[in-house]
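One-letter residues, chain by chain:
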Amino acid sequence: MQLHFYNSLTRKQEPFTPLDAKRVRFYTCGPTVYNFAHIGNFRAYVFEDILRRTLKFAGYDVCQVMNLTDVDDKTIRGARENHVSLNAYTQPYKDAFFEDLKTLHIESAEFYPAATDPKYIQKMIALVETLIAKGLAYKSDDGSVYFKVAAFPNYGKLSRLDRSTLRSGVRINNDEYEKEGVGDFAVWKAWDPADGDVVWDAPFGRGRPGWHLECSAMGMDLLGETFDLHTGGIDNLFPHHENEIAQAEGATGKPFVHTWMHCAHLRVGGEKMSKSLGNFYTLRDLLAKGCTGREIRYVLLQGQYRQPLNFTFSGLDDARKAFERIDGFVARLNSCHAAQQPAPFAGTFLAQFSDAMADDLNLPEAFAALFGLIREGNAALDKNEPVGGVMEALQSIDRVLGVIFWNNAKSDAEIPADIQQLLNNRAQARAEKRWADSDTLRDKLRDSGWDVRDSKDGQTLKRIPR
RNA sequence: GGUGCGAUGGCCGAGUGGCUAGGCAGAGGUCUGCAAAACCUCGUACAGCGGUUCGAACCCGCUUCGCACCUCCA
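Residues numbered from 1 in each chain as written. Chains lettered and ligands numbered in written order. Predicted model: local features only at pLDDT ≥ 70, side-chain atom pairs only at ≥ 80, totals over all residues. Heavy atoms only, no water.

Observations regarding unusual backbone geometry
For clarity, the cut-off: Each helix is a run of H or I in the DSSP string that is no shorter than four residues. Each strand is a run of E no shorter than two, and both are numbered from the N terminus.
Cis geometry marks the peptide bond from Phe238 to Pro239, where omega comes out at 0°. Of note, Pro239 is situated in helix H6 (residues 237–252). Residue Arg11 is not a glycine yet carries a positive backbone phi of 60°. The backbone phi angle of His83 is positive, close to 55°, even though this residue is not glycine. Structurally, the position occupied by His83 is in the loop between helix H2 (73–81) and helix H3 (86–103).

Next comes the structure, spelled out in structure tokens:
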């Protein structure tokens, strides 16, 4: 299975080959833990989960790093406003983030380094020292250390932005007079009284790391000076990822990352969902409205990752309906106990699925393969033709999608005694062809929140979702 | 102003030169005590205007509209 990914660095789709034959090392920009993440943020994390699962599906071992930014202006401000320590402020949001990942069936990364971890602070300090020693960073009058963009000729190779043609009037920065160049960015921020006790000692002065520095230092420490993949939201392409490259390649003289992949935004009402616009839903908002993590994951999986995806509530309704189809098919398959001859179409749709994922994670095409498999599978069951291998194909597909086999049987398993009694009565009525009684009992069950359907094999009971 | 992306049927959303995308909704049919499910059939979709071509949703140009980044942001 030869994977192809679009590389933001070359702006082309390329065959993907990891630096190690068997193992893919990749870095994903994680959350800043100053608040609950919204589902726009989770589009990126779900995309990265699909990437991770596709790499494993293709037979690679994966070593994924997702950082937690737990020190920056927003986290410090939040801690101060709430009169708690930085750690006390960020910890609940870290916990919430991991809960949310579980809710969305996002597989765990191998490493979740936190920026305030003393081990990584030391790595960051070492990186700054290297940059200073190489003349790529300088200390300004206020004690902060800036990266000297003019000293790094490759600056701009990812974003292809020319710093000299910036729109006039846009860039107004209070600290600008501290910097030698207008595009220079802080790698180390000097302590400010507002920072309180959030401060570390460094040879070049007390302060805290710049945001971009964290990812360069932690990425190289955990994955090596050069690694395979680096992902994030498209809005991180500039300046964050450009700056990461400058810091890392400036320090090592080696290529930092081979392939950069960027996820387009989740939109609401045609605009980017973001905290600054106030048009966002957190995962918790949607769960409180009665949505499930499964529906939300499905919705986030609907587009190709490089295209913006429009979030709507009718999309969630569509997801619910699609699950009836998927779950109904899985239930039908499960009720076929007899050993089955192989179904010829199972391999066809699995191959279509595999090709789609290998083609820069073409999820819409991958879902078309899934639904094709379901359609042909249902048709085969209708005609009593063999469906051998179909369940196995579904399981393979779900290793990547993570949305078919959802452990949601629990609520349906516990049927209250009174409901079971109604069900038994109805079975009796049907056996005696008392259709009016059967229909009355069906209505009764529905009023109690249970949906009953009849098939050749008997009654099927399902709790009606709120 | 610079750098990119986009406009597809009622909605969402693939496709990038000839061949069914898919999901949801809708219409007709098969099956069924009914209902549901399932399966089959259907809608003559490609922003506009030119151009290239035997042939364009797909390539080229222009126009209109939209979005993102250039500032913390997935």
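Here's the deal with the pattern of salt bridges
As a reminder of what qualifies: Whenever Lys or Arg places a side-chain nitrogen within 4 Å of a carboxyl oxygen from Asp or Glu, that contact is recorded as a salt bridge. We call a residue buried when its accessible area falls under 20% of the maximum for its residue type, exposed when it is over 50%, and partly exposed in between, using a 1.4 Å probe and counting protein chains only.
For the structure on display, the rule yields 37 salt bridges. The residue Glu110 makes a salt bridge to Arg52 at a minimum N-O spacing of 3.0 Å. Here the residue Glu110 occupies a position in the loop between H3 and helix H4 (118–133), and Arg52 occupies one in helix H1 (residues 39–57), the gap between them amounting to 58 residues. Overall, the relative accessible area of 37% leaves Glu110 in the partly exposed class.

With respect to the pairing of strand S1 (residues 4–7)
Note the cut-off: Strands are treated as partners if at least two bridges between them are detected by DSSP.
In this structure, S1 lies alongside strand S2 (residues 12–15), joined through four bridges in antiparallel fashion. Its bridge partner lying in S2, His4 is registered against Pro15.

Quick look at the protein's contact with RNA strand B
Test applied: A molecule or strand has a residue near it when one of that residue's heavy atoms lies within 4 Å. A 3.5 Å cut-off defines polar contacts: any pair of N or O atoms within that distance qualifies, except that in protein one atom must be a possible hydrogen donor and the other a possible acceptor, and neighbouring residues in sequence count only when both atoms are side-chain atoms.
In the region of RNA strand B, 56 residues are neighbours, and Trp211, Gly233, Asn236, Lys272 and Met273 sit closest. The contact atoms of RNA strand B, taken as those within 4 Å of the protein, divide so that sugar and phosphate hold 66%. In this structure, a phosphate oxygen belonging to RNA strand B sits 3.2 Å away from a side-chain N or O atom of Lys321. Here a base oxygen of RNA strand B and a side-chain polar atom of Arg430 are 2.4 Å apart.

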